[in-house]
Amino acid sequence: MEFDAVLLPARRARMVEQGLWLDRTINQDLDACVQACPDKLALTAVRVETGAVTRFTYREMATMADRIAVGLARLGVRKNDIVACQLPNWWQFTLTYLACSRIGAVINPLMHIFREHELNFMLRHGEAKVLIAPRVFRGFDFEKMVTALQPGLPDLRHVVIVDGAGANSFDALLSGPAWEKEADAAHILQSHRPGPDEVTQLMYTSGTTGEPKGVMHSPNTVMSNIVPYAQRLQLDAEDVLLMASPMAHQTGFMYGLMMPVMLKASVVLQDVWEPKKAVELIRAERCTFTMASTPFLTDLTRTVAESSTPVPTLRTFLCAGAPIPGPLVEQARSVLGSKIVSAWGMTENGAVTLIKIDDDDQRAFTTDGLPLPGVELKVVDVDGTPAPAGEAGKLYVRACSNFGGYLRRPQWNATDAEGWFDTGDLARMDAQGYIRITGRSKDVIIRGGENIPVVEIESLLYRHPAVAMAAIVAYPDERLGERACAVAVLKPGQTLDMAGMVDYFKSLKVAMQYIPERLEILDAMPATPSGKIQKFKLREQLRERLREQLNLKP
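These numbers were taken from a predicted model, which means no experiment stands behind them.

Participant: How should unusual backbone geometry be read in this particular structure?
Facilitator: For residues that are not glycine, phi is negative in most cases, and the peptide bond is trans in most cases. The backbone phi angle of R138 is positive, close to 55°, even though this residue is not glycine. With respect to the helices, strands and loops of the structure, R138 is situated in the loop between β6 (136–137) and β7 (140–141). Backbone geometry places Q234, a non-glycine residue, at a positive phi of 60°. With respect to the helices and strands, Q234 occurs in the loop between α9 (219–232) and β11 (240–243).

This is how it looks when you write it as structure tokens:
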């Protein structure tokens, strides 16, 4: 595979001069762990459905990474070849990435919710040579699906099945034979290791809108983010991380897969989100940190409260992906005893902003944090002029962790000659540099020439005692151009109608122009695996309902 990571060379000299790019790879960090703490517990992988638990020390993890690396080489994987990995949070995911790094292969994490449509595009676009998938997960037959896909993908030479029983099983091809003891193993493991500026990760955007884009990252881009991230959160080798967010998403990959190795810390992987199991693991494994989206925090807080089972070791919960309602922060602080940290980031650059550990709790629900070291932000109005403090505008990021570009789509890189990346988000920045995401540029609702503050209205609706999840989306109107529709998922046993919603907003003294003029109640929100609501799907559903209603009119 030829990679067109055109955004990396132009900023290398400046990043190295400023000490932001470390010129290291995960190989050096894993080797350092083996030298410093070979017998320390590195990884605990828990399968919720079966109860299986697998543990690795750092010595065992390095040996298995070498074994799988040589096994991949036996399958014909060479430097810069793509190894696609469609696995949940299983130990095989972590070890496959570490193995790829040993031989210069590029890992392409794929969410386990993807099916034929998404996989056909991503595997073809990325020219994956090997695909690793489960035999069955959560009742779905992955082996049947990926085996049927293979004949239509000329670059895909091997399908490897975790828990498989045949010759194509992960155990038979990669983790079973002692490949690391073969005569040529040392040469394979040392001769093709990637450099710090080479592409080592290809991750497709999670698809809140449009065609997925292949985001290319190097060791320098991702590691330059993880280091200041861990420092701001005061994480170190003594921490035990719980990761239930999918490692096929940047959240899980960077902070649940890479960060523990870089810190010489321990990580506990949970493959299916089940809050009771999470409480059990936090208590049993003495977990100190976790990171997930708002629904995870809601579930964990409710479970601890209802079970009266405390989680005293959980020092920090970093919550990202959606604004955190103020009442949830207050309840979580009281029930969990954890510091709730708000953050914002993207697949293209990892976490960009997060509050500080010693910030007032109010920062967690009124802001999305302060830029990390190595990150510059600017908020500009429609003509590119910097917006005054407190006023919303388009958000641009220039960071050491910015990606190398979109694979084969350089025209979409959205990065100017000075290195500023157009995030597609709208935000405001206060006088202290804290930002608040106010919406996506495509999510703006302009009602009769008046911009509706979408995120603020959503946050207020989220506070309604009957509402579990909320979103505000536009629908077309002949006279005003657009109107706002509130979409809500209600808490069990609760009700909410249009009149009740309007009365609620009026009680909060919300401007009439900002109050949604339609209410839709759903059983569940369409969302990405990371918990981000897919507003484009909500808009599509709303348009379909409106068409149906028009057809019913005489």
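Text resumes after the structure shown.
Participant: Help me out: how do you make sense of the packing of aromatic side chains in this one?
Facilitator: A ring pair, where both rings are aromatic, is described by two values, the distance of the centres and the angle of the planes. Overall, the coordinates contain 12 aromatic pairs when judged by the stated rule. Geometrically, the ring pair formed by F121 and Y204 is edge-to-face, given 6.4 Å between the ring centres and 75° between the ring planes. You can see F121 sitting in helix α5 (residues 116–126) and its partner Y204 sitting in strand β9 (residues 201–204), a full 83 residues away along the chain. Residue classification places Y204 among the buried residues on the basis of a relative accessible area of 5%.

Participant: Looking at this model, I keep getting lost on the sheet that holds strand β25 (residues 467–477). Mind explaining?
Facilitator: Each strand in a sheet pairs with another by means of backbone hydrogen bonds, the pair being arranged parallel or else antiparallel. Spatially, the three strands line up as an open sheet ordered β25-β26-β27, and their pairing is mixed. Strands with a single pairing partner mark the edges of an open sheet, and in this sheet they are β25 and β27 (518–522). For this sheet, the mean angle separating the axes of adjacent strands, direction not counted, is 25°. The sheet contact formed by β25 and strand β26 (residues 481–490) spans 10 bridges and is antiparallel.

Participant: Honestly, the nonpolar core in this entry has me stumped. Any pointers?
Facilitator: Most often, soluble globular proteins keep nonpolar side chains buried together rather than apart. Ranked by internal contacts, the top residues of the largest apolar core, which has 159 residues, are M61, Y229, M259 and L318. In contact with Y229, not counting residues within four places along its chain, are Y255, M259, F289, M291, L318, A351, L354 and L372. In terms of nonpolar packing, the next biggest core, distinct from the first, is built from 21 residues, L461, A484, A488 and L496 among them.

Participant: What exactly am I supposed to notice about helix α6 (residues 142–149) here?
Facilitator: Structural remark: α-helix, 3.6 residues per turn; residues separated by three or four positions point the same way. Listed in full, the buried residues belonging to α6 are F142, M145, V146 and L149. Down the axis, α6 shows its buried residues gathered within 85° of arc, on one side only. Pointing more than 90 degrees away from the buried face of α6 are the exposed residues K144 and A148. If you follow the buried residues of α6, they end up packed against α5, β5 (130–134), β6, β7 and β8 (158–162).

Participant: Would you mind showing me how to read the packing of helix α4 (residues 91–103) against helix α10 (residues 250–263) here?
Facilitator: Direction vectors running N to C along α4 and α10 enclose 80°, while the axes themselves pass 11 Å from each other. The angle between the axes of α4 and α10 places the two elements in the roughly perpendicular class. Here F93, T94 and Y97 of α4 come into contact with α10, specifically with F253, L257 and M258. Of the residues in the contact of α4 with α10, the class split is five nonpolar, one polar and no charged.

Participant: I would appreciate a short explanation of the pairing of strand β19 (residues 393–399) in the present structure.
Facilitator: Walk down a regular strand and you will see the side chains alternate between the two sheet faces. Taken across its seven residues, β19 has six buried, putting it largely inside the fold. In the sheet, strand β18 (residues 375–380) pairs with β19 via six bridges, with the strands oriented antiparallel. Among the inter-strand pairings, V375 is bridged to a residue of β19, identified as A399. Direction of pairing for β19 relative to strand β21 (residues 421–429): antiparallel, over a ladder of four bridges. The residue bridging G393 from the neighbouring strand is A427, located in β21.

Participant: Would you mind showing me how to read the environment of F536 here?
Facilitator: The topology assignment puts F536 in helix α17 (residues 535–552). On a C-alpha basis, the gap between F536 and D443 in space is 8.8 Å, while along the polypeptide they are 93 residues apart.

Participant: I would appreciate a short explanation of the state of the cysteines in the present structure.
Facilitator: Any covalent bond linking the sulfur atoms of two cysteines counts as a disulfide. Counted by the stated rule, this structure contains zero disulfides. In this model C37 remains outside any disulfide bridge; the closest cysteine sulfur is found in C33, 5.0 Å from its own. Not part of a disulfide, C287 finds its nearest cysteine sulfur in C319, a span of 17 Å.

Participant: Would you mind going over the sheet that holds β18 with me for this structure?
Facilitator: If you trace the four strands from one edge of the open sheet to the other, you get β18-β19-β21-β22, paired in antiparallel fashion. Edge strands, defined here as strands with exactly one partner in the open sheet, are β18 and β22 (435–440). Neighbouring strand axes in the sheet, compared pairwise and without regard to direction, differ in orientation by 45° on average. Across the sheet, helix α15 (residues 454–462) is in contact with β21 and β22; its angle to β22 comes to roughly 100°.

Participant: What should I look at first to understand the pairing of β26 in this one?
Facilitator: Counting buried positions along β26 yields eight of 10 residues, so the element is predominantly enclosed. The pairing of β26 with β27 spans five bridges and is classified as parallel. Pairing of A488 across the sheet is with I521, part of β27.

Conventions and cut-offs
Starting afresh in each chain, residues are numbered from 1 along the sequence in its written order. It should be noted that, the model being predicted, local features are given only for residues of pLDDT at least 70 and side-chain atom pairs only at 80 or more, the latter also being counted only at that level, while totals for whole chains, interfaces and linings use all residues. Note that the side-chain values use all heavy atoms of the structure and ignore hydrogens as well as water. Helix and strand definitions follow DSSP, with helices as H or I runs of at least four residues and strands as E runs of at least two, each counted in order from the N terminus. Working definition: rings of Phe, Tyr and Trp (its six-membered ring) pair if their centres are within 6.5 Å, and the pair is stacked with planes under 30 degrees apart, edge-to-face with planes over 60 apart, and tilted otherwise. Relative accessibility thresholds used throughout: buried, under 20% of the residue-type maximum; exposed, over 50%; partly exposed, between the two (1.4 Å probe, protein chains only). For two strands to be treated as a pair, DSSP must find no fewer than two bridges joining them. Axis lines are fitted through C-alpha atoms, for helices just across the contact stretch, and the angle between N-to-C directions can take any value from 0 to 180 degrees. For this analysis, a nonpolar core means a set of buried residues of the types Ala, Val, Leu, Ile, Met, Phe, Trp, Tyr and Cys, connected via side-chain atoms within 4.5 Å. Only heavy atoms enter the contact rule, under which two residues are in contact if any of them lie within 4.5 Å. The directions considered for the arc are those from the helix axis to the C-beta atoms. For classification purposes, angles smaller than 35 degrees are called roughly parallel, those larger than 145 roughly antiparallel, those between 65 and 115 roughly perpendicular, and all remaining angles oblique. Think of it as three bins: nonpolar holds Ala, Val, Leu, Ile, Met, Phe, Trp, Tyr, Cys and Pro, charged holds Asp, Glu, Lys and Arg, and polar takes everything else, Gly as well. Pairs of cysteine sulfur atoms within 2.5 Å are identified as disulfides in what follows.

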